[in-house]
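In case you want the letters, here they are:
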Amino acid sequence: KTMLYLFSFFKNNLLLKSRHVVLWCVIFSSCGTIQQLQEESQTTTTQPLVLGNIGSDKDFLLQKEYKNVALPTYNNPIKLSVTQIHFNKSTYKAFLKAKALQSPNINVKYIDSLKNKPQYIKLQIADKIELIAALNAKQNIKIKDYLSLTPYTNIITSLSLVLNKQDTDKLMAAESVFLVEKGLKTYSLQLYTNGKKTAQIPFNDTVVFAYKTSHCCWQENRRHHLNIVDLVTSFNDCPNNTYRNSNRAKEKDKLFK
């Protein structure tokens with residue numbers, strides 16, 4: 001009898017815990033606060049974001065938004081990498097949500113049963129050294145100071161987007177693609193072939209549906225000036241003797257003295 005009682009007790013407790021787990025799963029899945037594209041480790045968005053912009057992720061009850069806080073000045077073009085990726089159900093769903101708020105004129109037909117799926121573009125900062133140099137430059141001194149005081153601020157270094165067919169063909173035919181500043185705080189994609197400019201595509205002519213950010217790693221130089229020395233995608237990935245929080249870089253220098 002004792003054994004039967006113990007078996008019944010543990011069985012009922014396990015059933016109760018499993019029901020709680022299922023209930024919490026249902027609650028979180030129905031809220032959908034943050035959608036991640038697992039294939040590309042990007043966060044979905046409906047905002048018309050731009051590469052190189054600075055801001056922070058802001059969580060609301062039913063969604064996650066990116067809050068732009070600064071637009072750096074890029075005097076020199078920054079090289080980008082361009083990749084075409086096939087849509088799947090999750091990426092296509094994210095695109096449709098963004099398209100409804102950004103550009104209804106850009107259309108993509110996706111049929112899951114068909115073997116040949118349409119593709120989208122993934123843009124990434126390829127020349128991280130040039131980007132870091134720009135953030136440390138005099139023209140961005142106020143932005144650099146802001147970044148040093150707000151460790152949870154980040155910079156957009158990767159975007160998934162869709163262009164119209166004509167611009168997509170130009171982009172994929174180009175030998176190299178750069179992020180450039182066209183006018184005051186307005187950014188575009190500058191295309192080159194054989195060393196010559198072939199086309200320029202404003203970000204306003206695209207539908208952005210996912211992004212990825214990077215965080216600054218800080219270090220003091222010999223003159224005791226704080227500098228950004230690396231950009232990483234995770235809080236814990238800063239190289240040795242560099243710090244996610246600029247204050248820690250200062251404290252390390254004091255301890256060394």
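For every chain, the first residue of the written sequence is number 1, and numbering continues from 1 onward in sequence order. It should be noted that, the model being predicted, local features are given only for residues of pLDDT at least 70 and side-chain atom pairs only at 80 or more, the latter also being counted only at that level, while totals for whole chains, interfaces and linings use all residues. Remark: hydrogens and water are excluded; side-chain values derive from all non-hydrogen atoms of the structure.

1. Topic: the state of the cysteines
- Note that a disulfide, as used here, is simply two cysteine sulfur atoms within 2.5 Å. If you walk through the whole model with that rule in mind, you get one disulfide.
- Here Cys217 engages in a disulfide with Cys238; their sulfurs sit 2.1 Å apart. Handedness here is read from the sign of the S-S torsion; for Cys217 and Cys238, about -90°, the answer is left-handed. Taken together, the residues Cys217 in strand β11 (residues 207–220) and Cys238 in the loop between β12 (226–232) and α6 (246–256) connect sequence positions 21 residues apart. Per residue, the accessibility class of Cys217 equals that of Cys238, and both read buried.
- Not engaged in a disulfide, the cysteine Cys216 finds its nearest cysteine sulfur in Cys217; these two sulfurs lie 7.7 Å apart.
- What makes Cys216 buried here is its relative accessible area of 4%. Starting at the N terminus, helices and strands are each numbered in turn, a helix being any DSSP run of H or I of at least four residues and a strand any DSSP run of E of at least two. Here's how the labels work: a residue is buried when its accessible area is under 20% of the maximum for its type, exposed when over 50%, partly exposed in between, all with a 1.4 Å probe on protein chains only.

2. Looking at helix α5 (residues 165–173)
- For α5, the set of buried residues is Asp167, Thr168 and Leu171. Buried residues along α5 cover an arc of 100° about the axis, so they all sit on one side. Exposed residues on α5 whose side chains face more than 90 degrees from its buried face are Lys165, Gln166 and Ala173.
- Residues are treated as being in contact if the distance between any of their heavy atoms lies within 4.5 Å. Against the buried residues of α5 lie β5 (78–86), β6 (119–125), β8 (176–181), β9 (187–193) and β10 (196–202).
- At the N-terminal boundary of α5, the capping side chain belongs to Asn164, with an oxygen 3.3 Å from the backbone nitrogen of Gln166. To be clear, the arc concerns the directions from the helix axis to the C-beta atoms. Pairing of N or O atoms within 3.5 Å defines a polar contact, subject to two protein rules: one partner must be a possible hydrogen donor and the other a possible acceptor, and residues neighboring in sequence count only if both atoms are side-chain atoms.

3. Overview of the environment of Gln219
- Within the secondary structure layout, Gln219 lies in strand β11.
- On the basis of relative accessibility, which here comes to 31%, the residue Gln219 falls in the partly exposed class.
- For the pair Gln219 and Ala249, spaced 30 residues apart in sequence, the C-alpha separation works out to 5.5 Å.
- Ignoring anything within four residues of it in the chain, the contact list for Gln219 reads His225, Leu226, Asn227, Val229, Asn241, Thr242 and Ala249.

4. As for the environment of Lys142
- With respect to the helices and strands, the residue Lys142 is situated in helix α4 (residues 141–149).
- Overall, the relative accessible area of 72% leaves Lys142 in the exposed class.
- Taking the C-alpha atoms as reference points, Lys142 and Pro72, separated by 70 residues in sequence, lie 9.5 Å from one another.

5. Examining the pairing of β12
- Taking burial as the measure, the seven residues of β12 include five buried ones, the bulk of the element.
- One ladder, built from six bridges, connects β11 with β12; its direction is antiparallel. Looking at β12, one finds that Cys216 is bridged to Leu231. The criterion for strand pairing is that DSSP finds at least two bridges linking the strands in question.

6. Some thoughts on the packing of aromatic side chains
- Aromatic pairs are defined between Phe, Tyr and Trp rings, using the six-membered ring for Trp, whenever the two ring centres lie within 6.5 Å; interplanar angles under 30 degrees are classed as stacked, those over 60 as edge-to-face, and all others as tilted. Tallying each qualifying case throughout the model produces eleven aromatic pairs.
- Ring geometry for Phe87 versus Tyr92: centroids 5.9 Å apart, planes at 85°, classification edge-to-face.
- Among the aromatic residues, those joined into a ring-pair cluster are Phe87, Tyr92, Phe95, Tyr110, Tyr120 and Phe209.

7. Brief notes about the environment of Val82
- On the secondary structure map, Val82 appears in strand β5.
- Judged by its relative accessible area of 26%, Val82 falls in the partly exposed class.
- In this structure, the C-alpha to C-alpha distance between Val82 and Leu123, residues 41 residues apart in sequence, is 5.0 Å.
- Filtering out sequence-adjacent residues up to four positions away, Val82 remains in contact with Ile121, Lys122, Leu123, Leu171, Met172 and Val177.

8. Regarding the pairing of strand β7 (residues 154–162)
- Within β7, nine of the nine residues are buried, leaving the element largely enclosed by the surrounding structure.
- Two elements, β6 and β7, share four bridges in a ladder whose sense is antiparallel. Opposite Lys122, over in β7, you have Ser160 as the bridge partner.
- Note that β7 and β11 share seven bridges and pair antiparallel. Along β11, the bridge assignment pairs Ser160 with Ala210.

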